[in-house]
Amino acid sequence: MTGIDPLDALDESTRRYRETESEHEKSRQAVTKDVVAALKAGKRPTDVAEHSPFTAAHVRKIARDNGVEPAPRGGGKRQPPK
């Protein structure tokens, strides 16, 4: 039998995962903050999704979770907050 033991490989990949998990979370939070800012500035969720690592559905969820009003039906522009 040759090669690395599968549990040793799993130990190594788990170690790498744990080492990078904190940085990944910081990046996710930064992207979420910028998604909210773009939406509040009146950018369309479709455009925001194209520029982010998130799906359109997740961008809409982020919007709801952060109090961003949906764009009016019929394609009208969302009014930026006063």
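Before reading further, recall that the structure is shown in the block above.
Note that the structure is a prediction, hence the values are computed from the model and not measured.

(A) Structural context of the environment of R44. Topologically, R44 is positioned in the loop between α1 (6-40) and α2 (45-50). Measuring from C-alpha to C-alpha, the distance between R44 and A71 comes to 7.9 Å, with 27 residues separating the pair along the chain. At a separation of 2.9 Å, a polar atom in the side chain of R44 contacts the side chain of D47.

(B) How the structure looks around the packing of α1 against helix α3 (residues 56-65). Remark: α1 packs on α3, axes separated minimally by 10 Å, with the N-to-C direction vectors making an angle of 80°. By the criterion of interaxial angle, the relationship of α1 to α3 is roughly perpendicular. Facing α1, whose interface residues are T32, V35, V36 and L39, α3 presents V59, I62 and A63. Class assignment of the residues belonging to the contact of α1 with α3 gives a composition of six nonpolar, one polar and no charged.

(C) Region of the structure containing the pattern of salt bridges. Counting across every chain of the model gives eight salt bridges. In this structure, the salt-bridge partner of R15 is E12, at a minimum N-O distance of 2.3 Å. Taken together, the positions of R15 and E12, both in helix α1 and three residues apart, correspond to about one turn of that helix. On the basis of relative accessible area, R15 is assigned to the partly exposed category, the value being 37%. The partner of D47 in a salt bridge is R44, and the shortest N-O contact between them spans 2.9 Å. For R44, a relative accessible area of 52% translates into the label exposed.

Rules used throughout
- Residues numbered from 1 in each chain as written.
- Predicted model: local features only at pLDDT ≥ 70, side-chain atom pairs only at ≥ 80, totals over all residues.
- Heavy atoms only, no water.
- Helix = DSSP H or I, 4+ residues; strand = E, 2+ residues; numbered from the N terminus.
- Polar contact = N/O pair within 3.5 Å; in protein donor to acceptor, adjacent residues only side chain to side chain.
- Axes fitted to C-alpha atoms, helices over the stretch in contact; angles between N-to-C directions.
- Parallel < 35°, antiparallel > 145°, perpendicular 65-115°, else oblique.
- Contact = heavy atoms within 4.5 Å.
- Nonpolar A, V, L, I, M, F, W, Y, C, P; charged D, E, K, R; others polar.
- Salt bridge = Lys/Arg side-chain N within 4 Å of Asp/Glu carboxyl O.
- Buried < 20%, exposed > 50% of the residue type's maximum accessible area, 1.4 Å probe, protein only.

Shape is all these values report; function is a separate question.
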